[in-house]
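Structural characterization, general
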Amino acid sequence: MSIQTVGIIGAGTMGNGIAQAVATSGLQVVLVDISDAAVQKGIATVAGSLDRLIKKEKITEADKQAALGRIKGSTDYADLKAAQLVIEAATENESLKVKILQQVDAIVGEETIIATNTSSISITKLATSIKKPEQFVGVHFFNPVPMMKLVEIIRGVQTSDATHDAVKAFALVLGKSPISVKNAPGFVVNRILVPMINEAFVVLAEGTASPEDIDEGMKLGCNHPIGPLALADLIGLDVCLAVMEVYLEELGDSKYRPAYLLRELVAAGRLGRKTGHGVYKY
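Residues numbered from 1 in each chain as written. Predicted model: local features only at pLDDT ≥ 70, side-chain atom pairs only at ≥ 80, totals over all residues. Heavy atoms only, no water.

Once that is clear, we can look at the sheet that holds strand β3 (residues 71–74). Read from one edge to the other, the open sheet built from eight strands follows the order β3-β2-β1-β4-β5-β6-β7-β8, with strand pairing classed as mixed. Each edge of the open sheet is held by one strand with a lone partner, namely β3 and β8 (177–182). Averaged over neighbouring strand pairs, the angle between their axes works out to 25° when direction is ignored. Of the strand pairs in this sheet, strand β1 (residues 5–9) and strand β2 (residues 28–32) are connected by five bridges, and their pairing is parallel. Bridge pairing links Ile-8 to Leu-31 in β2. (Pairing = 2+ DSSP bridges. Helix = DSSP H or I, 4+ residues; strand = E, 2+ residues; numbered from the N terminus. Axes fitted to C-alpha atoms, helices over the stretch in contact; angles between N-to-C directions.)

Shown next, in the form of structure tokens:
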């Protein structure tokens, strides 16, 4: 299947980032959200991102206008009919995602691939929401989408080879580097990354080193661009805690027990950059 038009549900951080990556690759985008204000905010975010690329002389004004011209904003799911691929990028809430996927499934064509950008919810489980689960797949982009090369392509039990291969080819068109992953809690990257972040909180609570020295040690010793505690602040401590709780519940292994300090900071409302205070003050 040749993917020429991509529908994206959700114009927030991930949705507008995916829209930018798709549009700048020469494909058409239908960006859908619940209100026109949300859609226009998403498109404005794309425009601002493209303006920054112009200042860095990576694209021209003509490139920007061409990309924006490929994005159609809408609040009507009926506009997704022309899409060969629809990516759900709504809030990380299973019941909401199921509702959206069922609405999409009722609209799109027989051959349309339906995907989710979830970072934690079972692809196998979500696939049961639609009539053709073999045409459902996880397409996990990383934030910021226009900059990050990686895309995890997650196969549920039902995902067909044709669906997987079509989405892998799509990721390559975007200039991304896709990896294929079986459905499992956290998939690959977050399954490794979040427990590492959790362990940094254990080390901090033990008083082994200061936050600054823990982060500096991991940056210089492991060649990470950002330390685990600063990264936790960027992701959101509440998100890190929620992910660890999912791992503990689904995998039943005590090694996924959330660090006590992580729980304490979340209880105190210190969630990171979004609240102005996490491990560090902002």
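Right, let's talk about the environment of Val-6 for a bit. Position of Val-6 among the secondary structure elements: in strand β1. Note on Val-6: relative accessible area 0%, which makes it buried. Considering only alpha carbons, one finds Val-6 and Ile-214, 208 residues apart in sequence, at a separation of 42 Å. Those residues in contact with Val-6 that lie beyond four places of it in its chain are Val-22, Gln-28, Val-29, Val-30, Ala-83, Leu-85, Ile-87 and Phe-170. (Buried < 20%, exposed > 50% of the residue type's maximum accessible area, 1.4 Å probe, protein only. Contact = heavy atoms within 4.5 Å.)

The next point concerns the pattern of salt bridges. Going through the model one piece at a time under the given rule, you end up with 11 salt bridges. Ionic pairing is found between Asp-105 and Lys-131, a salt bridge with its closest N-O pair at 3.4 Å. Of the two residues, Asp-105 is situated in helix α4 (residues 94–107) and Lys-131 in the loop between α5 (123–127) and β6 (136–141); the sequence distance between them amounts to 26 residues. Residues Glu-110 and Lys-132 are paired through a salt bridge, measuring 2.9 Å at the closest nitrogen-oxygen approach. Highlighted residues: Glu-110 in the loop between α4 and β5 (113–116) and Lys-132 in the loop between α5 and β6, separated in sequence by 22 residues. On the basis of relative accessible area, Glu-110 is assigned to the exposed category, the value being 53%. If you follow the salt bridges from partner to partner, you end up with Glu-88, Glu-92 and Lys-97 in one network. (Salt bridge = Lys/Arg side-chain N within 4 Å of Asp/Glu carboxyl O.)

Before going further, it helps to spend a moment on helix α8 (residues 211–222). With 12 residues, α8 extends 16 Å from end C-alpha to end C-alpha; this agrees with the ideal 16 Å at 1.5 Å per step. For α8, the full list of buried residues reads Pro-211, Ile-214 and Asp-215. Buried positions in α8, seen along its axis, are confined to an arc of 95° and lie on one side of it. Counted as exposed and oriented over 90 degrees from the buried face of α8: Asp-213, Leu-220 and Gly-221. Each element contacted by the buried residues of α8 is listed here: α7 (189–205) and α9 (228–235). (Expected span 1.5 Å × (residues − 1). Arc of directions from axis to C-beta.)

Turning to the packing of α7 against helix α11 (residues 260–267), a few remarks are in order. At a closest axis distance of 7 Å, the pairing of α7 and α11 adopts a crossing angle of 95°. Viewed along their axes, α7 and α11 adopt a mutual orientation that is roughly perpendicular. Of the residues in α11, those touching α7 at Asn-198, Phe-201, Leu-204 and Ala-205 are Leu-261, Leu-262 and Leu-265. (Parallel < 35°, antiparallel > 145°, perpendicular 65-115°, else oblique.)

So, about the UniProt feature "domain: 3-hydroxyacyl-CoA dehydrogenase NAD binding" (unreviewed entry) in the protein. With numbering aligned to this structure, UniProt lists the feature "domain: 3-hydroxyacyl-CoA dehydrogenase NAD binding" (unreviewed entry) at residues 5–183. Counting secondary structure, residues 5–183 comes out at 40% helix and 22% strand; the distance between its end C-alpha atoms is 26 Å. (UniProt positions renumbered as here; feature names shortened; annotations may be inferred.)

For the rest of this paragraph, the subject is a nonpolar patch on the surface. The grouping of Ile-179, Val-188 and Ile-192 at the surface amounts to a nonpolar patch, some 240 Å² of accessible area in total. Relative to the assigned elements, Val-188 resides in the loop between β8 and α7. (Patch = residues over 30% accessible without salt bridge, like charges linked within 9 Å, V, L, I, M, F, W, Y side chains within 5 Å. Areas by Shrake-Rupley, 256 points an atom, 1.4 Å probe, with all protein chains shown as cover.)

In the case of a regular strand, side chains alternate between the two sheet surfaces. Of the two faces of strand β4 (residues 85–88), the one carrying Leu-85 and Ile-87 and the one carrying Val-86 and Glu-88 are both buried. Sheet topology places β1 next to β4; four bridges connect them, and they run parallel. Pairing of Ile-9 across the sheet is with Glu-88, part of β4. As defined by bridge partners, β4 adjoins β5 across four bridges and the pair is classed as parallel. For Val-86, the partnering residue across the bridge sits in β5 and is Ile-114.

On to the packing of aromatic side chains. What the rule picks out here adds up to one aromatic pair. Both rings, one in Tyr-247 and one in Tyr-256, keep their centres 5.7 Å apart while their planes meet at 75°; by these two values the pair is edge-to-face. Exposure class is identical for Tyr-247 and Tyr-256. Each is buried. (Phe/Tyr/Trp six-rings, centres within 6.5 Å; stacked < 30°, edge-to-face > 60°.)

Another point: the side chain of Asn-198. Relative to the helices and strands, Asn-198 is located in helix α7. Assessed through its relative accessible area of 3%, Asn-198 is described here as buried.

Okay, the pairing of β8 next. Pairing of strand β7 (residues 150–155) with β8 involves six bridges; the strand directions are parallel. Paired with Glu-152 across the bridge in β8 is Ile-179.

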